[in-house]
Amino acid sequence: WEVNEHTKIHLNAHVDYVRVPKDTPFLSTDDVQSSTSQLLEFVEMCHTYSDEAEFVHRVNSQLLQNRNRQDVILKILKEAIRTNGIEMYYQPIWNVKEQKFSNCEALVRLKDDKTMGFISPEEFIPVAERNFLIMQLSSKIFENVFQFMAQNDLPAQGLKHMEVNLSAIESVDIGFPSIMKELLEKYQIDPSMVNLEITESIAISSGRRLKRNMEDLIRYGCSFSMDDFGTGYSNLSQITRADFSIIKVDKSLLWPIFEKKNPNRQNAKILLENMVSMILQ
């Protein structure tokens, strides 16, 4: 693409094509508007899940199976939200300096032993976000977490706070701080016992709304941590603008140090040491 005689831009493109109705047994014949929306979404998913590198992508049986899997997960999610069919697990976090467990992190799982078995949050959370269910799901998660905290004396266990993940939509929702405050008051939870975790990609892309929500809840007493730091979205100025009390370095920067056969172990160690030193300044 020639912008002018001095500037040329290379654009990547691809073609996805679907045979209708052969490749689209899921489409409704009664609702044209709904069918069009489903078809466009399916084409987008085809490209997302395709491993092909060619210019032209055609739907195959594997892609159709992936689409059907998304439908099943969506049904399970809706049922889980309706019946509170989620389970929370609390992963203890070891404090190296203090040589003891000092915090814990809330992990959400779907109760589904009959249909699909274990479904990773990395799979069902995006489904919840795409289908506008994430706020309802998050409400269930926080209700479960705060109820657990109210029933168990975490400080008596030597724990300083509970870490809970925020989704992209949640973190920029204007009403989120109010919802959080109401839940904390309902269960009489000390705000300082709650640390809200945001991935680095969300922190970089969410802008002013996220910063305002963070400032509001920090004033109220909550704290924030940045997860997956160093995954490729790193923007060091973002760390200085937002008040993160914890920075979690992504495992992709840690594992190379412990791989004995990795010829770049020393370089990986130097990178990590300098990154930690920089964050602590």
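Residues numbered from 1 in each chain as written. Predicted model: local features only at pLDDT ≥ 70, side-chain atom pairs only at ≥ 80, totals over all residues. Heavy atoms only, no water.

K.L.:
What should I look at first to understand the overall build of the protein in this one?
P.N.:
A tally of regular secondary structure across the protein gives eleven helices and ten strands. For the protein, the residues scored as buried account for 37% of the 281 residues in total. Within the protein, counting contacts between residues at least 6 apart in sequence, those at least 24 apart form 63% of the total. (Helix = DSSP H or I, 4+ residues; strand = E, 2+ residues; numbered from the N terminus. Buried < 20%, exposed > 50% of the residue type's maximum accessible area, 1.4 Å probe, protein only. Contact = heavy atoms within 4.5 Å.)

K.L.:
So what exactly am I meant to see when it comes to the sheet that holds strand 10 (residues 246–249) here?
P.N.:
Hydrogen bonds between backbone groups are what pair the strands of a sheet, and the pairing can be parallel or antiparallel. Overall, mixed pairing links the six strands, which are arranged 5-6-7-8-9-10 in an open sheet. Each having just a single partner strand, strand 5 (86–95) and strand 10 make up the two edges of the open sheet. Each adjacent strand pair in this sheet contributes to an overall mean axis angle of 25°, direction not counted. Inspection of the sheet shows strand 7 (residues 161–165) paired to strand 8 (residues 194–199) by four bridges, in the parallel sense. Opposite Val164, over in strand 8, you have Leu196 as the bridge partner. (Pairing = 2+ DSSP bridges. Axes fitted to C-alpha atoms, helices over the stretch in contact; angles between N-to-C directions.)

K.L.:
Looking at this structure, I do not really get the nonpolar core. What am I missing?
P.N.:
The nonpolar side chains of a soluble globular protein tend to be buried with one another. If you look at the biggest cluster of nonpolar residues, it comprises 51 residues, and the most contacted ones within it are Leu77, Leu137, Phe142, Val145, Phe146, Met149 and Leu196. The element that contributes the greatest number of residues to this core is helix 4 (residues 134–151), accounting for seven residues. Excluding its chain neighbours within four sequence positions, the residues that come into contact with Phe142 are Val164, Leu166, Glu170, Phe176, Met180, Leu183 and Leu196. Listed in part, the six residues of the second largest apolar core include Val18, Phe26, Leu27 and Phe42. (Core = buried A, V, L, I, M, F, W, Y, C linked by side-chain atoms within 4.5 Å.)

K.L.:
Would you explain helix 10 (residues 251–258) in this entry?
P.N.:
By the burial criterion, the buried members of helix 10 are Leu253, Pro256 and Ile257. Along the axis of helix 10, the buried positions cluster into a sector of 105°, meaning they face one direction only. Exposed side chains of helix 10 directed beyond 90 degrees from the buried face belong to Trp255 and Phe258. (Arc of directions from axis to C-beta.)

K.L.:
I keep staring at the pattern of salt bridges and nothing clicks. Help me out?
P.N.:
Think of it this way: side chains of opposite charge can pair up when their charged atoms draw near. All told, the structure shown has eleven salt bridges when counted by the stated rule. Arg69 is the salt-bridge partner of Glu123, the closest N and O atoms lying 2.6 Å from each other. With Glu123 in helix 3 (residues 121–130) and Arg69 in helix 2 (residues 61–83), this pair connects stretches of sequence that are 54 residues apart. Glu123 gets classed as partly exposed once you look at its relative accessible area, which sits at 21%. Residue classification places Arg69 among the partly exposed residues on the basis of a relative accessible area of 31%. (Salt bridge = Lys/Arg side-chain N within 4 Å of Asp/Glu carboxyl O.)

K.L.:
How should the layout of surface pockets be read in this particular structure?
P.N.:
A probe as big as a water molecule, rolled over the atoms, marks out the empty space that is left. Its volume calculated, the largest pocket comes out at about 1000 Å³. Of the residues in the lining of the largest pocket, the class split is 18 nonpolar, seven polar and eleven charged. (1 Å grid on protein atoms, 1.4 Å probe; cavity = no way out; pocket = protein on both sides within 12 Å on 5 of 7 lines; lining within 4 Å. Points joined across faces, edges and corners; volume = space filled by probe spheres on them. Nonpolar A, V, L, I, M, F, W, Y, C, P; charged D, E, K, R; others polar.)

K.L.:
What is the right way to look at the packing of aromatic side chains in this model?
P.N.:
Two aromatic rings, taken as a pair, are described by how far apart their centres are and by the angle between their planes. Taken as a whole, this structure holds four aromatic pairs when the rule is applied. Ring centres of Phe142 and Phe146 lie 5.6 Å apart, and the angle between their planes is 50°; on these two criteria the pair is classed as tilted. Of this pair, Phe142 and Phe146 both sit in helix 4, four residues apart, which is roughly one turn of the helix. When its relative accessible area of 3% is taken as the criterion, Phe142 is described as buried. By relative accessible area, Phe146 is classed as buried at 0%. Their ring planes at 55° and their centres at 6.1 Å tell us that Phe142 and Phe176 sit as a pair that is tilted. Separated by 34 residues along the polypeptide, Phe142 in helix 4 and Phe176 in helix 6 (residues 176–186) bring together distant segments of the chain. Each member of the pair, Phe142 as well as Phe176, carries the same accessibility label: buried. Put simply, the rings of Phe142, Phe146 and Phe176 touch in pairs and so form one group of aromatic residues. Taking NZ or CZ as reference, Lys251 lies 5.9 Å from the ring centre of Trp255, over its face. (Phe/Tyr/Trp six-rings, centres within 6.5 Å; stacked < 30°, edge-to-face > 60°. Lys NZ or Arg CZ within 6 Å of the ring centre and 35° of its normal.)

By themselves, these are just geometric observations and shouldn't be taken as functional.
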